[in-house]
Each structure stands twice: as C-alpha cells, then as structure tokens.
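Here is how the chains run, residue by residue.
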Amino acid sequence: MSSKVNEFQILNADDDELMRISREGTLSLNLDEMHAIQTHYAKLQRNPTDVELETIAQTWSEHCVHKTFKSIILYTEDGNVTEKIDGLFPTYIQRATEEIAKPWCVSVFVDNAGIIEFDDTYNLVFKVETHNHPSAIEPYGGAGTGIGGVIRDSLGTGLGAKPILNTDVFCFGLPDTRYEDLPKGTLHPKRVFKGVVSGVRDYGNRMGIPTANGAILFDTRYTANPLVFCGNVGLIPKNRCDKSVEPGDLVVAVGGRTGRDGIHGATFSSAELDDTSESLGSVVQIGNPIIEKKIVDALLQARDQNLYRSITDCGAGGFSSAVGEMGEDTGAEVHLENVPLKYEGLAPWEIWLSEAQERMVIAVPPENIEKLMQICEAEMVEATVLGSFTNSKRLQVFYEGEIVGDLDMQFLHKGLPQHVKKAIWTSPQHPEMSSRDEQTDDYTEDLLRLLACPNIASKEQVIRQYDHEVQGGIVIKPLVGVENDGPSDACVVTPIIGSPNAAIISNGINPKYSDVDPYISAAAAIDEALRNIVAVGGTVEKTALLDNFCWGNPDKPDRLGALVRAAKACYDIATAYGTPFISGKDSLYNEYRDTTTGEQRAIPSTLLISAICVMPDVRKAVTMDVKKPGNLIYVVGNTYAELGGSHYFSIHGYIGNKAPIVRTEAGKLTMQKLSAAIDRGFVRSCHDCSEGGIGVAAAEMAFAGGYGLSLNLNAIPTGEEIMSNDFLLFSESNSRFLVEVEPQKQTEFEDHMTEVAIGCLGSVTDSPVFTVNGIDGEQVIKTSIGTLKSSWQTPLHT
Amino acid sequence: MKPNVLVLRTAGTNCDVETDVAFKLAGADTSLVHIQNLISGKVDLSAFHILAIPGGFSYGDDIAAGILLAVEMKHKIRSALEQFVDDGKLIIGICNGFQVLVRTGLLPGVEHSNNGNSEIPQRATLAMNTSAKFECRWVELETQQSSCVFTRGIKSHLYLPVAHAEGRFTASPDVLAELESHNQIVFRYDKSSKYPSDNNNYPNNPNGSDADIAGICDRTGRIFGLMPHPERFLTKWNHPRWTREDLPDEGDGVAIFRNAVDYVTATFA
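What this report covers is the structure whose coordinates are included nearby. (Residues numbered from 1 in each chain as written. Chains lettered and ligands numbered in written order. Predicted model: local features only at pLDDT ≥ 70, side-chain atom pairs only at ≥ 80, totals over all residues. Heavy atoms only, no water.)

**Points about the sheet that holds strand β2 (residues 83-86) of chain A**
Residue and element names in this part refer to chain A.
Here comes step 1: An order of β2-β1-β17 is seen for the three strands of this open sheet, with the pairing classed as mixed. Of all strands in the sheet, those bounded by a partner on one side alone are β2 and β17 (420-425). Shown here is a sheet whose adjacent strand axes are inclined to one another by a mean of 25°, direction ignored.
Here comes step 2: Sheet topology note: the strand β1 (residues 72-77)/β2 ladder contains four bridges and is antiparallel. Paired with leucine 74 across the bridge in β2 is lysine 84.
Here comes step 3: The strands touched by helix α6 (residues 88-100) within the sheet are β1 and β2, with β2 carrying the most contacts at an inclination of about 75°. (Pairing = 2+ DSSP bridges. Helix = DSSP H or I, 4+ residues; strand = E, 2+ residues; numbered from the N terminus. Axes fitted to C-alpha atoms, helices over the stretch in contact; angles between N-to-C directions. Contact = heavy atoms within 4.5 Å.)

**A short note on helix α16 (residues 444-451) of chain A**
Here comes step 1: With respect to burial, α16(A) is a largely interior element, six of its eight residues being buried.
Here comes step 2: Within α16(A), burial applies to Thr444(A), Asp446(A), Leu447(A), Leu448(A), Leu450(A) and Leu451(A). (Buried < 20%, exposed > 50% of the residue type's maximum accessible area, 1.4 Å probe, protein only.)

**Observations concerning the environment of Ala28(B)**
Residue and element names in this part refer to chain B.
Here comes step 1: Looking at where alanine 28 falls in the secondary structure, it is placed in the loop between α1 (16-25) and β2 (29-34).
Here comes step 2: Given a relative accessible area of 3%, alanine 28 falls into the buried group.
Here comes step 3: The residues touching alanine 28, leaving out its near neighbours within four places in the chain, are Pro3, Val5, Phe23 and Val261.

**Quick word on the sheet that holds strand β33 (residues 769-773) of chain A**
All names here are of chain A.
Here comes step 1: Strand order in the open sheet formed by seven strands is β29-β31-β28-β32-β30-β33-β34, with mixed pairing between adjacent strands. The open sheet has two edge strands, β29 (685-688) and β34 (779-784), and neither has a second partner. Neighbouring strand axes in the sheet, compared pairwise and without regard to direction, differ in orientation by 20° on average.
Here comes step 2: Relative to β33, strand β30 (residues 708-712) runs parallel, the two being bridged by four bridges. Directly across from serine 710, in β33, lies its bridge partner threonine 771.
Here comes step 3: Against the sheet, helix α21 (residues 664-679) contacts β28 (632-636), β29 and β31 (737-741), and its axis sits at roughly 25° relative to β31.

**Description of the nonpolar core**
Here comes step 1: Formed by 123 residues in total, the largest nonpolar core has its most connected members in Val739(A), Phe749(A) and Phe770(A).
Here comes step 2: Excluding residues within four positions of it along the chain, Phe749(A) makes contact with Tyr634(A), Val636(A), Ala677(A), Phe682(A), Val683(A), Val739(A), Val741(A) and Ile758(A).
Here comes step 3: In terms of nonpolar packing, the next biggest core, distinct from the first, is built from 84 residues, Leu45(B), Leu51(B), Leu126(B) and Val149(B) among them. (Core = buried A, V, L, I, M, F, W, Y, C linked by side-chain atoms within 4.5 Å.)

**Examining unusual backbone geometry**
Residues and elements named next belong to chain B.
Here comes step 1: With an omega of -5°, the peptide bond running from leucine 107 to proline 108 counts as cis.
Here comes step 2: The residue proline 108 is located in the loop between α5 (96-104) and β5 (124-127) in this model.
Here comes step 3: The amide bond that connects tyrosine 202 to the next residue, proline 203, takes the cis arrangement and shows omega of 5°.
Here comes step 4: Looking at the secondary structure, you find proline 203 in the loop between β9 (185-189) and β10 (213-217).

**Remarks on the interface of chain B and chain A**
Here comes step 1: Between chain B and chain A, the residue contacts involve 36 residues of the former and 45 residues of the latter.
Here comes step 2: Summed over both sides, the interface of chain B with chain A buries roughly 3,300 Å², with 55% coming from carbon and sulfur.
Here comes step 3: Close ionic contact of Arg9(B) with Glu379(A) constitutes a salt bridge, the shortest N to O distance being 2.8 Å.
Here comes step 4: In this structure, the connection of chain B to chain A is made through 20 residue pairs in polar contact (both at pLDDT 80 or more).
Here comes step 5: Those elements that place two or more of their residues in the side of chain B that touches chain A are α1, β6 (135-143) and β7 (157-164) of chain B.
Here comes step 6: The dominant element in the side of chain B that touches chain A, judged by the number of residues it contributes, is β6(B), at four residues.
Here comes step 7: Taken together, the residues of the side of chain B that touches chain A break down into 18 nonpolar, ten polar and eight charged. (Buried area = accessible area lost by both parts, 1.4 Å probe. Salt bridge = Lys/Arg side-chain N within 4 Å of Asp/Glu carboxyl O. Polar contact = N/O pair within 3.5 Å; in protein donor to acceptor, adjacent residues only side chain to side chain. Nonpolar A, V, L, I, M, F, W, Y, C, P; charged D, E, K, R; others polar.)

**Examining the pairing of β29(A)**
Residue and element names in this part refer to chain A.
Here comes step 1: Taking every second residue as pointing to the same face, both faces of β29 are buried, with Ser685 and His687 on one and Cys686 and Asp688 on the other.
Here comes step 2: Sheet topology places β29 next to β31; four bridges connect them, and they run antiparallel. Across the sheet, residue aspartate 688 finds its bridge partner in β31, namely phenylalanine 737.

**Observations regarding helix α18 (residues 518-535) of chain A**
Residues that lie three or four places apart on an α-helix share one face, since the helix turns once every 3.6 residues.
Residues and elements named next belong to chain A.
Here comes step 1: Its 18 residues give α18 an end-to-end C-alpha distance of 25 Å, which sits within 8% of 26 Å, the value for a rise of 1.5 Å per residue.
Here comes step 2: Where burial is concerned, most of α18 is hidden: 18 out of the 18 residues are buried.
Here comes step 3: You can read the cap of α18 off the contacts: a side-chain oxygen lies 2.8 Å from the backbone nitrogen of tyrosine 519, and it is on aspartate 517. (Expected span 1.5 Å × (residues − 1).)

**Here's the deal with the pattern of salt bridges**
Side chains that differ in charge, positive against negative, can pair when their charged atoms come close.
Here comes step 1: Summed over the entire model, instances satisfying the criterion amount to 61 salt bridges over all chains.
Here comes step 2: Note that Glu83(A) is salt-bridged to Lys568(A), the shortest N-O span being 3.0 Å. Of this pair, Glu83(A) sits in strand β2 while Lys568(A) sits in helix α19 (residues 557-577), and the two are 485 residues apart along the sequence.
Here comes step 3: On the basis of relative accessible area, Lys568(A) is assigned to the buried category, the value being 15%.
Here comes step 4: Between Lys2(B) and Asp29(B) there is a salt bridge, with the nearest N and O atoms lying 3.7 Å from each other. With Lys2(B) in the segment before β1 (4-9) and Asp29(B) in strand β2, this pair connects stretches of sequence that are 27 residues apart.
Here comes step 5: Given the relative accessible area of 34%, Asp29(B) is considered partly exposed.

**What to know about the packing of aromatic side chains**
Here comes step 1: Per the stated rule, a full pass over the model turns up 22 aromatic pairs over all chains.
Here comes step 2: Taking the centre distance of 6.3 Å and the plane angle of 5° together, the rings of Phe98(B) and Phe169(B) count as stacked. Residue Phe98(B) is located in helix α5, and its partner Phe169(B) is located in strand β8 (residues 168-171); the two are separated by 71 residues in the primary sequence.
Here comes step 3: According to the relative accessible area criterion, Phe98(B) is buried, its value standing at 1%.
Here comes step 4: With relative accessibility at 0%, the residue Phe169(B) sits in the buried group.
Here comes step 5: Ring geometry for Phe187(B) versus Phe224(B): centroids 6.1 Å apart, planes at 50°, classification tilted. Of this pair, Phe187(B) sits in strand β9 while Phe224(B) sits in strand β11 (residues 223-226), and the two are 37 residues apart along the sequence.
Here comes step 6: Looking at Phe187(B), the relative accessible area reads 0%, which means it is buried.
Here comes step 7: On the accessibility criterion, Phe224(B) (0% relative accessible area) is buried.
Here comes step 8: An aromatic cluster of at least three residues, connected via ring pairs, comprises Tyr443(A), Tyr648(A), Phe649(A), Phe727(A) and Phe730(A). (Phe/Tyr/Trp six-rings, centres within 6.5 Å; stacked < 30°, edge-to-face > 60°.)

**Side note on the environment of Arg736(A)**
Residues and elements named next belong to chain A.
Here comes step 1: Tracing the sequence through the fold places arginine 736 in the loop between α23 (725-730) and β31.
Here comes step 2: Classification of arginine 736 as buried rests on a relative accessible area of 0%.
Here comes step 3: In sequence terms arginine 736 and valine 480 are 256 residues apart; their C-alpha atoms lie 21 Å from each other.
Here comes step 4: Once residues lying within four places of it in the same chain are set aside, the contact partners of arginine 736 are Arg531, Val636, Gly637, Asn638, Thr639, Asp688, Cys689, Gly693, Ile694 and Ser731.

**Here's the deal with the packing of α19(A) against α21(A)**
Residues and elements named next belong to chain A.
Here comes step 1: Relative to each other, α19 and α21 sit at 40°, their axes nearing to 9 Å. In this view, α19 runs oblique relative to α21, as classed from their interaxial angle. Judged by the twist between their axes, the crossing of α19 over α21 is right-handed. Here α19 contributes Ile573, Ala576 and Tyr577 to the contact with α21, which in turn contributes Thr664, Gly667, Lys668 and Met671.
Here comes step 2: A per-class count over the contact of α19 with α21 returns four nonpolar, two polar and one charged. (Parallel < 35°, antiparallel > 145°, perpendicular 65-115°, else oblique. Left-handed = near helix turned anticlockwise from the far one by under 90°.)

Set out below in structure tokens:
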C-alpha cells in the first residue's frame, strides 16, 4: 500500500470511536451508516482506505443522495394518528410527475437536469441548485461557483446542453442589521449581498449567459444562513439527450486542474454551520469562468461530432462522484497520477475528492480520443485520460501503480441504510390583527411602506449588473415599461434568433407563509410561479416545475414535520394544476449553532418553485406596464380575507393565522381563461397579485407604464364578505391578476371570462395620479405615480 | 458576390453567435474562426472581406479589457492584419472587440495605418465606467456626420443595448479634437433623450465617456468600434418596449451590418 494512503481503523472500533472518526474526518456519516460500513468491511476482513471511506461518505452524503427525502418518516400532525411515509420524494414529488404523465417530459429526475420538449429540433433542460453553505463563508466565491456548478449541470445533461439562461434567487438577512446583533462568526448581510451579487455577475457575464430572472428576499433568520439558488436553462438537440457508458470507453477529464480546493464540500454542506465554520476556507471552491467557457466551446463541438458517449460534471465529491456515477452499471478504473494538478503534494484521496471547479468527465470510445484531443487543443482546454470504464462492477482507484481503493459499486450505490425519521407538525397560533379601518381612512402611507419593503422594492441595481441581453434572445426582459424599470413577472427567451418559439422562466417563493403553515407556503409558491408564467402569456398546460427545498435540520422532528407539510402541498397542487416536477434539489441543515451559548436557529422553511413554459409564439407575449389612458383595469380571481403571513401584517408587526390558500379548481380555470384571453389579444397588460396584494400590483403597473390609475375597491370580486378597505387592498389571496383591457375589447373580454370571477376596478388615467376609492366610495389612497415609484426604487439603490 | 465575414473567437468571446447571425441576415457568408487558427495559418485572413471582433471577455479581460487579444493580434498576426487593412477591407469591433481595436492602436489610428515597422501607438482607452460597475441597459445614440462606411445613410437616432464595465472612452484633448476634425466620431450617447439623467448625462451616457462618445472609426472609415451592441437588436422583439410601441419589424442594429455588406459588394465585386 502506498505510503500516501492511510487506513481508517474501523473494524474493531466501538460506537464512540466510529462517531469520532466520522466527525473528525468531516464525513457527516451517522452511526447507522458507520455500522453498515463496518459490517461490509468485516466481511472483507480489512479496514477501508481513506480513498474508500471518503468516497462512501460523499456518495452517501445528504448533498449527493438526498437521504432525508428517501427515508421512512413517521409523521404526526397536530397530535393525530401517526402516518408512515415511505420517502417524501417518491411519495409526493416523483409520484406527482408520474400521475400527471405529460408526453413532453423527456427526462425527469435521472440526469443532471430535467429535460422537456421545445420545438421540432431541440429540447430544453432546466436545473436549479443551491450553494448556501459556501456563500455564507465566502459570498463571492460561493455564489460564483454556485452558478458555475449549475451551468455544468446543463452541460452534463444528456450529451450536453448549450446554456442559454441563468436564474438566481437569494435570501439574505436584513440589510440594516446592526453589527452588534450579528451572530458570532457571521458576515454582515450587506457584505453577503454584495459578494453574492458580484460572484454571480462576474461568473454569468463572463460565460456569456443572460441572467434574466430572479428574486431577492430578506429575513433576519437568513443572516447566519443565507440562501443562494442558481439555475440554468440549456438548449439541446433532440438526438443528444441519451447517454450510456460501454466497458472500454476512456475516462477523460476535461477542463481545469485539480487542487485542494473544495475538499469535503459535499459532506460539509450536509451539516449545520456554527460560529467556527468561517475557518473552513478550504471547503469553498475557487471559480474561473473563462475555463468553463472554453469547456463549453470545446465540448459542444465534440458533442456534435459524436465523439463521446456520456458526460457528467465534477461537482460535489469531485472525480469520486463523477466517475462513480457514470460507472455505476459497468465499473471503472482510474489512475490518479494522471490527474493534472495545480500544485504538488496532494494525497490520493484529496485528488479523488477535490471539488476544484470547471471539470467535466466524459466517456470516450478509444477510436475517438485523437479527434477529441484535437478539438480541446484548438480551444486551449486541457483534456486527460484518467483510466477506463470496465465490466468489473467495481470502482477501482490506482495511484502510481498501486491500488488505493477498490469498491463494490453495488455497496457504494445501494448499501446506504434507509433511515427512519420522526416528524411532527403542530399548527402554530399567532396573535391576530384586525382591519385598521377604524383607525385610519387613508392607506397611502401603508402602500408606500409596502413598496419600500426590501422584498418588494426594486432590484434594478442588481439586475443591471447582470448581462440580460447577451445571446440576443431575451424578448421579455426583467425590467419593462415606459422607462424600462418596472418589475416584469417573468422573462421570455427565444433561444433561436429569428424564431418565435420561446420559453418563459419564472419563480415563486414566499417563506413568510411558512410561519403560518409550510403547506400553504409551498402551495402559494407553485401558484405564484404559474401566475408569473400566465401573466406574460404562457399556459399552465405547457409548464414544468422545479422544486428546491431549503430547510433546517431534518433530524429535528419539528423541522421535518414542516418539510412533510410542504411536500404534501407539492403533490396536491402540482397534480391539481397538471404541472409536473422535472428536477429538484434540497439543501437541509440550514441552521446556525452558537457554540458558546448553545443557541440554535433555523432559516424559515423555504421552498423555491421555478417554472418553465414553452410558448409557441412570442409575439403574443404581454408585459405588466399599463399601456394607454382610457383602458380598463380588471381584477381577475376572487379575493379572500387572507392576510396571514402577508407583508401588510408584517409591517404592522403581525403574522396572523389565515394565510392565502390555493383553490386549485378556481385557480386553474382562472389561469386557463386568462391565457386564452391573452392569446386572443384581449389583454394589453397583465400583472399577478402577490406580495402586497392588489394595492402593490396596481401601483407597480401604473408607475411602470407612466400613467395614473383610478380604482374602486367595491368592484373587487370576493369569495367571502370583506368589509374593510385594507384587507381588500392588501390581501395576498392566490390565483389573482390585474389586467388592462381596451374599452373596445371590453365585451369580448367579459364574455370570454364569464365563468371566472372578475371585476372592473377602474381605468388608466392620463394624469400621473394614483387614486383608490374605498368600499363606501370615499378616497383611501391618493398620490402621484412618481411618489410610488420613488418609494419602490429608493431602498435598495445604494 | 457574397462578402466573406470572419467572426473572430477566442477564450471568453461570447457574442460570436449573434454577430454571426447579424451578418448572415445582412447577406454575408460567415465563418467563426478561433484566433489560434489565424496564428497557425490554418485559416487565411486574406480570404475574407470583413473582420468582426465580437463582444465578450477575451481571456477573462485579465489585466484590462481586451488587452491580451490585442497583444496577440499585434504580434502574432500583424502582417496579415496590416495587409487586410491596406487592402481596403473592413473591421468592426463591438464592445470587447472595440476594446481590442483601441488597444491595438487601430482605433482611432494614425494617418497611415502601415507606418513601417514602428508599432501603432494606443491613443485612447476604454476605462472603467464612472459608475464603477458592470451595467446592462439600452441607450439612445445620436448618429454623427462621419466617414464611417458602416453607418452611411443610417437613421439619425438609434436605440441599442450596452453591457459592459469598461466602456468609458477617454483620450487626451488633442486626440479628441482630432477625432472631431476628421469626422471619426460615429455615435454619441444622446443628450436629448427623454429619459431622466443626472448632470453628467448618466445613465443616458452609461459609462461617463468623454464627449459622450459611443463609437469611433479610423480616418478611412473602414475600421469601426462601438460599445453598444447592434447585433442584439435585429428584430423588434429585442426592443425592451415592443409590447407598448409601434415599431418596424427590423431592429436598428441590422443597418450597420447591411452597410458593411453593401460596401464590400460594391467595392470588391
């Protein structure tokens, strides 16, 4: 055995010793898992080498195998009988997609990204990832490598997709957090904000990929655990979506060199952070987008010449994961001394586990290797043969002629014991807030305050730092309206210049509702993502979803109970709307532990739903800015007194208990009818009602279009009696839109919408004044659109 | 005849595809060529009529935007490039390509481009934006009276997007005066834009360029560089307000590429 390889002495270790080995090695393996490994090696009558145990630890990590979503859960809700759930993922996510059975789903959950049909020649791939732990410690590097990683997911899907769009959603602590209130060892939210945005900007812009969709949310509970979601959409020829590996194919690494960066990233991200995490600098990777750009340039040429049979990216776990996954059904042998290094001195296990960025692994038939090398040389990309795929069903790792790891693929990929976890959900009771109609007859100030809430306020300063025009295909931009600064509901991209075939990308996220019920939060996130699709001219029928769960420690029953609630909503709402999940990810253990006080805090339960819709004719798209004085403004969809978790309650210090539920039957009909109305040209502008309700949505439409609005609250269709102006204005009920209709289309529009609750709220005015009359006809809001816009633009402009 | 366009690529180029599409739309034959293939001689520059240097971050814009590609052009394909210019052919540099042309000295250039063996001096630069950050926004351009063949007969006002961090055109007063007197200023950021702007004309002048300069040509009018991206406005659906304004189907950018194609067709037929 090479002197550079050590054995872990586990054969005779007791439980304490096993856990010490796991903890001190940052392996994140629990006792059950250590026992399974011990039993396996007892049969082999030897100890595992470091290469082997590290490989198992990363393959079995939460990050790579998503064991919480596959474990058996014993779930108790509000003290009722316990339900046994055999895996959240198969029960609620995968099953939804299977039951919905959309023929245009090409590949779901198996490859690095989901694949759906686009046009006659191409399919689309879409993947969203998180890079939370690294971004907490090193925001710039963490976020940059987050976007770099998800771009490689598209490139590693099928035989490689061309990246055409980035999407980014961030959750940070409040920008005005006082330094003395910062948890020990954490960076200030402003520093994290700036670093993350710069990281995403510098990586995405250099890659030449438009970043045209996203969101930024703020909550004090994200201070120690910021969330960074990075997504990428790719375009792939229909005949390049399948991959396979044949014994004898060469294992070829393409791209950057390997160093000590990012070792233990997979296992690190499967643990909680504490106030010493900032010292773990080596777990964060270092990015170089130009290397990645060269890889894309080279590999897409090699793909089109059919030079390789399979491809995957080196993400978490580095080569160990990439080669281990590609060779799962065949076997593979790798010679680590062939790996090009950034510098000398790496132990074999470090080479094998390194998460150095910008590396892809491809399976190349030997007869194609010369051609492949020529392409790589012409594009100035390093490509190296590391070994070959075998038919041994073993993962065999050599270093300087000696075998340093010899793992049974079956044990590696199937040996993880299934966990049994307890989950408890207890509905919280929050103090209730009542209408403020008794105290005030003017809600102008409330509207201005809502527009200035950091979650709602303009993100223009961030958006403009991203190149959202590169590739020449973004036709509905993130900022729209007469001065190009209104908040677009979704972005629309035409990947082939000159063709009207388009894809719409949107997102939905509202962790505030999780404080009432994560079920409602998840349901609302799906509804919001779909509303955004519909608002620009898409259809629910052609929409696929991605789920990204960011949660606290799932070993704690209450956190897991919240996760069960959200997963149940995913199934219920997705199947009701008929929108399949095609890909997803989870990032758990987003908790912070203060090692001196023992204080423990989790992030709000956060589900990001990303949506992608294929739109056959981009010329039918609409935007949210009002277009012309005299046009009518309708509200579409019923309003309920649902302000639990709303921004209105929040600015008055309340959470409340009645968060907006999703009524899928009405919601689906509303969206279908509205999509058809847009398709038939009845609609001049459309905006969804989300945070801040009708009040905020109307204000945004007005200042984006540069015209005033004159509105009456008593025209709002309601699903229950609502006798207060503030609840009508700021309720966040789902499945609602504001729509602008020309007077000459009024009859056609109303006839078309007969089965849907609609109300004509008022009209667009030439004068730049925004007025709202209350239930009794008295004025409750009057201000200029300039004032509204300025409130909305100012908060995040510095 | 169909003009041949060489769209130059290297590590970090990222507007090559849409630049290629733009020239095709204008009626040219195009080839995407990596600079390595010009250096090795595998591709012969003299077979082309137009050299297009697209946007992107060539070599990551390490050291400064465009500088490494400029050094390669100046030292590794210099004679082919000089011959290309002397043959009366066209060069356009967009965004990063403009940065490259300025750093090679080809823009704004000197009286005779081929002045023996002495190096063409760099006489202007594209510095960091005054906003000190990368910005992506649409800008209104005012077409100037210039000798540029790419903008002959073009509209007086164009609307195009910019997306850059290093786009502030700056030069000594002498050079600026020379550009003015030789009609080398092709586009200025429009001062009379209807959009709100501060005392320095920001953001209508998005980067703080001297004299609001957005694009210049050499004295012959055949070498042209600009920060805005004409290849990103080929159809009306690229326009940020196509849902609210009545616009022609063709985008403002197309005319620039068509002018180049027409010039070559007329000159080299």
